[in-house]
Amino acid sequence: MPTVETNNINCYYEIHGQGRPLVLIAGLGSDSQSWQSVLVELAKHFKVVVFDNRGIGRTKYPQENFDIGTMAQDTVGLIDTLGIERADILGHSMGGYIAQEVAIKHPQRVNKLILASVSAFTSQRNKLLFADLLCLLEGNLGTGTKLNLRVSPQKGAGLRTKSRASPNLPNLRDREK
């Protein structure tokens, strides 16, 4: 199991293919395996680096608190350890927030920045969702949180939570004003 020590964690990673480096950063709750459907094709053209973000998959959840900036430092530490000077960085969802932070703090390390399913800022609604997810990950879901997931072919999926962290969280289909 290939790991590197970076930023006080042992980070699991894999390298596939050869060529210009392409670092893939997965979204919230997804590990490096989330890239499997595109990995073979990308590896025909790039040296693809996939890894498990801190606290996900084979990269352990650390004792100390962390944020997107910490995870961006993990990414830079990984590419440093692998001897990659500059890379194309592709981030999906939360991985896109991490990728943006890498590009802002270390622009000399980024050849191309590719963002998928991400925005340039976060909303109060997303902050509340992350707070609820943190409660879930820390095992505090039973302290007053109620999750309801509805899926229908006509309306798609909807998630509604009511908790101490987000008592007034709107439905995913609602727009913020």
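Up top you'll find the structure we're talking about.
So, a few notes on the structure that sits alongside this text. Fair warning: this is a prediction, and the values are worked out from it, not measured in the lab. (Residues numbered from 1 in each chain as written. Predicted model: local features only at pLDDT ≥ 70, side-chain atom pairs only at ≥ 80, totals over all residues. Heavy atoms only, no water.)

## Concerning the pairing of strand β4 (residues 46-51)
Phase 1 of the analysis: Of all the six residues making up β4, five are buried; the element is thus mostly covered by neighbouring parts of the structure.
Phase 2 of the analysis: Pairing analysis gives four bridges linking strand β2 (residues 9-16) to β4, with the strands arranged antiparallel. Residue pairing across strands places Y13 opposite F51, the latter belonging to β4.
Phase 3 of the analysis: In this region the chain leaves strand β3 (residues 20-25), passes through helix α1 (residues 36-43) and returns to the parallel neighbour β4; the handedness of that crossover is right-handed. (Buried < 20%, exposed > 50% of the residue type's maximum accessible area, 1.4 Å probe, protein only. Helix = DSSP H or I, 4+ residues; strand = E, 2+ residues; numbered from the N terminus. Pairing = 2+ DSSP bridges. Right-handed = clockwise from strand over helix to strand, strands pointing away.)

## Points about the pattern of salt bridges
Phase 1 of the analysis: Going through the model one piece at a time under the given rule, you end up with seven salt bridges.
Phase 2 of the analysis: In this structure, D52 engages R58 in a salt bridge whose closest nitrogen and oxygen atoms are separated by 3.3 Å.
Phase 3 of the analysis: On the accessibility criterion, R58 (28% relative accessible area) is partly exposed.
Phase 4 of the analysis: R54 is the partner of D74 in a salt bridge, and the nearest nitrogen-oxygen pair spans 2.7 Å. Highlighted residues: D74 in helix α2 (residues 68-81) and R54 in the loop between β4 and α2, separated in sequence by 20 residues. For the pair formed by D74 and R54, the shared burial category is buried.
Phase 5 of the analysis: When salt bridges with common partners are traced through the structure, they connect R54, E64 and D74 into a single cluster. (Salt bridge = Lys/Arg side-chain N within 4 Å of Asp/Glu carboxyl O.)

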